[in-house]
Structure formats: structure tokens, C-alpha cells
Amino acid sequence: QVQLVESGGGLVQPGGSLRLSCAASGFMFSSYAMRWYRQAPGKERELVASINSVARGGTTNYADSVKGRFTISRDDAKNTVYLQMNSLAPDDTAVYYCNSKVWTATRWVDYWGQGTQVTVSS
């Protein structure tokens, strides 16, 4: 059974930093790309960052709004993906979700974690 469990959210002042973690289980983590999304109140869920598998170069991509401030990384030995968030601003306030699209022998399935709240406020 695929599970994605996020942690690391919280309340932080503008300009501060947080590191989110997503622990994965139930699938061959190292073979799949991983993504972080976020959803702010009243807004659609948006893709924040993605990282390919090491076999595909481990390449990363970021939304323009977070480039230069956020860094996605993965530790395949720990089945964990991270999102280091620096220079946080109130606009970064959202629920952050971990995601992976996994092949289940018959079809691709999008899996999501339960989300972790990030609040940036003074």
C-alpha cells in the first residue's frame, strides 16, 4: 500500500526557513519522480517543485514563484523527499502536499500525502 507522509510544517516569520519531509512507502521510491504541491485558501493546488529519479538524472524543476528560494532533494536510502524553503513570505502560506504518480501494474495512479500546513506570518 502506497503511503506518503509529510512533516515539518509550522508557523514561521517572514524571511525564515522550514524544511519539509515526505516519507514514502509501498512502492519502489527510487524509480519515481517526486513532487511537492501547495494549496492556499481559495486557490487551486499548484506544483511547487519536482525531482526526477536518479536514473533519469535527478533533475529538478521549480515554479517561478519559488525559484532561488526553495530546494527539492531526495534520499533514496531513506525513501524520503525534502523541500527546503528559505526566505519565506506570507504568499507561501499554504498546505503543502507530497505527490508521486506510480505504476500499479495496470495503470498510473496519483498518490498524495495528507498535507502539512505552512504559515508565514509575523
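Above this note sits the structure.
These lines cover the structure that appears in this document, whether it is placed above or below.

**Here's the deal with the environment of Tyr-37**
1) Next: In this fold, Tyr-37 is placed in strand 4 (residues 34-39).
2) Next: Considering only alpha carbons, one finds Tyr-37 and Ser-21, 16 residues apart in sequence, at a separation of 13 Å.

**Concerning the packing of aromatic side chains**
1) Next: Enumeration over the complete set of coordinates arrives at six aromatic pairs.
2) Next: A centroid spacing of 6.3 Å and a plane angle of 55° characterise the contact between Phe-27 and Phe-29, whose relative ring orientation is tilted. Phe-29 shares its class with Phe-27; the two are buried.
3) Next: Taken together, a centroid distance of 6.5 Å and an interplanar angle of 85° make the contact between Tyr-97 and Trp-112 edge-to-face. Residue Tyr-97 is found in strand 9 (residues 94-103), and its partner Trp-112 is found in strand 10 (residues 108-112); the two are separated by 15 residues along the sequence.
4) Next: Relative accessible area serves as the criterion here: at 14%, Tyr-97 is assigned to the buried category.

**Remarks on the sheet that holds strand 8 (residues 80-85)**
1) Next: Read across the sheet, four strands follow the order 1-3-8-7 without closing on themselves; strand pairing throughout is antiparallel. The open sheet is flanked by strand 1 (3-7) and strand 7 (70-75), the only strands paired with a single partner. With direction set aside, neighbouring strand axes in the sheet form an average angle of 15°.
2) Next: Sheet topology note: the strand 3 (residues 18-25)/strand 8 ladder contains six bridges and is antiparallel. Looking at strand 8, one finds that Leu-18 is bridged to Met-85.

Calculation rules
- Residues numbered from 1 in each chain as written.
- Predicted model: local features only at pLDDT ≥ 70, side-chain atom pairs only at ≥ 80, totals over all residues.
- Heavy atoms only, no water.
- Helix = DSSP H or I, 4+ residues; strand = E, 2+ residues; numbered from the N terminus.
- Phe/Tyr/Trp six-rings, centres within 6.5 Å; stacked < 30°, edge-to-face > 60°.
- Buried < 20%, exposed > 50% of the residue type's maximum accessible area, 1.4 Å probe, protein only.
- Pairing = 2+ DSSP bridges.
- Axes fitted to C-alpha atoms, helices over the stretch in contact; angles between N-to-C directions.

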